[in-house]
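A structural walkthrough
Read off the chains here:
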Amino acid sequence: MLIEQKKAIASLFERALSNMGVNGVSVLLERPKMADHGDLACNVAMQLARTLKKSPRDIATQLVEEIEKLSESDSLIESLEIAGPGFINMRLSTAAKTAVVRVALEQKESFGCCHDHDGESVLLEYVSANPTGPLHLGHARQGALGDVLAALMKTQGWKVSREFYYNDAGVQIQTLTTSVQLRAKELLGETVQFPDNCYQGLYIQDIARDFLDKKTVHTREGHAITASGNVEDLASIRAFSVAYLKNEQDSDLRALGVAFDNFYLESSLYTDGLVKRAVDAIIASGHTYEADGALWLKTTDPEFKRFGDDKDRVMRKKDGTYTYFVPDVAYHLSKFERGFVKAIDIQGADHHGTTSRVRIGVQTAAKVLGLNVPATFPDYVLHKMLKVVRDGHEVKMSKRAGSYVTLRDLVQWVGKDAARFFLVSRKADSEFVFDVNLALSQSDENPVYYLQYAHARICSVLAQAADKGYSIPSEAELIDLDLSCLSDKSATVLMNILSEFPETLTVAAKEFAPHTVCVYLKELAGSFHAFYNAERILVDDDGVRNARLALLLATRQVLRNGLALLGISAPEKM
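I will try to describe carefully the structure that is included in this document. Because the structure is a prediction, the values reported are computed rather than measured.

What follows concerns the packing of helix α21 (residues 501–510) against helix α22 (residues 515–534). Running from N to C, α21 and α22 point in directions that differ by 160°, and their axes come no closer than 9 Å. By the angle between their directions, the pair α21 and α22 is classed as roughly antiparallel. Classified by chirality, the crossing of α22 by α21 is right-handed. For the pair formed by α21 and α22, the contact residues are F501, T504, L505 and A508 on the first element and T516, V517 and Y520 on the second. Residue composition of the contact of α21 with α22, grouped by class: five nonpolar, two polar and no charged.

Moving on to the layout of surface pockets. Where empty space is left can be seen by rolling a probe of water-molecule size over the atoms. One number sums up the size of the largest pocket: a volume of about 1,200 Å³. Elements with a contribution of two residues or more to the lining of the largest pocket: α7 (137–155), α8 (171–187), α11 (266–271), α13 (325–337) and β13 (342–348). Residue contributions to the lining of the largest pocket peak at four residues, all from α13. A breakdown of the residues in the lining of the largest pocket according to their chemical character gives 19 nonpolar, 23 polar and five charged. Looking at the second largest pocket, its volume works out to about 480 Å³. Lining the second largest pocket are 18 residues; nearest its centre among them are R31, E500, E503, T504 and Y520.

Here we come to helix α20 (residues 489–499). Think of an α-helix as 3.6 residues a turn; residues three or four steps apart then line up on the same face. Across the 11 residues of α20, nine count as buried, placing the element largely inside the fold. Along α20, the positions that sit buried rather than exposed are S490, A491, T492, L494, M495, N496, I497, L498 and S499. Looking at the buried side of α20, the elements it contacts are α6 (94–107), α21, α22 and α23 (542–566).

Here we come to helix α10 (residues 234–255). For α10, which comprises 22 residues, the first-to-last C-alpha distance of 31 Å matches the rise-based estimate of 32 Å (1.5 Å per residue) to within 8%. In the segment just after α10, G257 is the residue with positive phi, at about 80°.

Omega for the peptide link from F377 to P378 comes to 0°, which places this bond in the cis form. Mapped onto the secondary structure, P378 falls in the loop between α14 (354–369) and β14 (379–383). For D391, which is not glycine, the phi torsion reads 55° and is therefore positive. Tracing the sequence through the fold places D391 in the loop between β15 (386–390) and β16 (393–395). What makes D391 exposed here is its relative accessible area of 56%. Despite not being glycine, F512 has its phi angle at roughly 50°, a positive value. Its place among the elements puts F512 in the loop between α21 and α22.

Reading the values: rules and limits
- Sequence order sets the numbering: in each chain, residues are counted from 1 along the sequence as written.
- For this predicted model, a pLDDT threshold of at least 70 governs which residues receive local features, and a threshold of 80 or more governs which side-chain atom pairs are given and counted, while totals over whole chains, interfaces and linings are taken from all residues.
- Based on all heavy atoms of the structure, the side-chain values leave hydrogens and waters out of the count.
- A fitted line through C-alpha atoms serves as each axis, taken over the contacting stretch for helices, and the angle formed by two N-to-C directions is quoted from 0 to 180°.
- Secondary structure elements are defined from DSSP: runs of H or I of at least 4 residues count as helices, runs of E of at least 2 residues count as strands, and each element is numbered from the N terminus.
- Note on angle classes: values under 35 degrees are labelled roughly parallel, values over 145 roughly antiparallel, values of 65 to 115 roughly perpendicular, and the remainder oblique.
- Crossing handedness follows the turn of the near helix against the far one: under a right angle anticlockwise gives a left-handed crossing, and clockwise gives a right-handed one.
- By definition in these notes, contact holds between two residues if any of their heavy atoms fall within 4.5 Å.
- Amino acid classes used here: Ala, Val, Leu, Ile, Met, Phe, Trp, Tyr, Cys and Pro are nonpolar; Asp, Glu, Lys and Arg are charged; the rest, including Gly, are polar.
- Every definition here rests on a 1 Å grid over the protein atoms only: cavities are sets of points where a 1.4 Å probe fits but cannot get out, pockets are open sets enclosed by protein on both sides within 12 Å along at least five of seven lines, and lining residues have some atom within 4 Å of a point.
- Grid points are joined across faces, edges and corners, and a volume is the space filled by probe spheres set on the points.
- In this scheme, a residue with accessible area under 20% of its type's maximum is buried, one over 50% is exposed, and one in between is partly exposed, where area comes from a 1.4 Å probe on protein chains only.
- Multiply 1.5 Å by the residue count of a helix minus one, and that product is the helix's expected span.

Following this line, the structure appears as structure tokens:
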């Protein structure tokens, strides 16, 4: 049922309990696992048995009597039934059950949205690949997770910014420059030896060839980078190669339907003095020491026990360079100072060890800098990798990247819709197998096909209605439309699931769990197909037909809203 109705019924329980002399109890209402048990269930009587020293059934009996005394209960609850050891099962009134149809059709694209976090700013950072090669499957999973989570948080009122962080200050860029230079020399006929750390994919040959041809790359910032063609011009090779790969990565992300609001350079943390400021603040906090020629952060101090780090961490190495978590600390201080009350980092599970030291570094520096940064800043979503299977065999290599399957490979094989759905369809911290053949199949076993077919089937019914000369209920007509005939089991189940859409979005955003939207939509599609198979829609009776068409319109709207959040198309024909 709708969140507002659920809150109203919970309030009825709380008032009834108060009349029994019980206060301060949280009432949890859930949908029964079996539809025959009703629309809602509550186990509060079982929870209170020990406290009240009564049997759950006796408590439930008294509670039901108190609820039925409340005048407001009639408009929401048709009947209450005590089951098993003390469960209270409820059947909602017709008005309560059918309300979702009108609300969904009135609110349209905004159905499911709320304003709980209006005015609060959140920064989501994901993908954040080095501009040294094609994006791999980990980047693909991050891109889909980040994009869908951003959309989910917007439904809750958050002001969302999506950021891509370029690690452009490390040795990888120099390795890229050397790799392109050596490949260019080879193309000119020289015999060269490639160090083991060089990038060997075919894409390096493409960059080297275009560099020698003195081609021009246009950056997203509007700059034109023209290659000098001189294999000894390392500065030109570097600038051209980085711009070339940034454009390629942008193109791959667009193919997956992923976009960003801002691109942040790691190098700017150094040039703007933010790394030095963070390090100076951490030293001033008194939580560092020098040993073996290195600067250490005392992450094992009792003060930081809640963060769970198991040993002190090196901040500055013997050679004077900083370990990689130090610029991360400076970066996250920057996020907070830019006004974001929440920051979410979507990274691979291999970053698990860095979460505690980054948070500790942020906390120690923030205190010295006078910043009230929450202890959980930033939040992390850590994802595991996935395997790609095609024709029953795992695919491990890309013709172009050389050593791994790329994001581009995945999108080219199965298309944007299937790629996005499958990438977010499992919990981020679970491994899964991406079956290319399944993603391409036109059967109910393919969840993307199953969802899109449900939407297309509704559109087909509406088109048939128009062909038969039946009028589709208008918005004005829906206000007074009698929906009481939507009382059969399949319609009731479908309306119950429709009403859970807003709460599904709230939970998915709060728990950083886009996969729950996939689970919800599959259940919604299944319930629609069950209703469609159980009841004729285009019957002769105007009242019944219009009510059923209204239910289909509401279902189509929720399917569209959910698919839009996932970044997946909603075809009208299949």
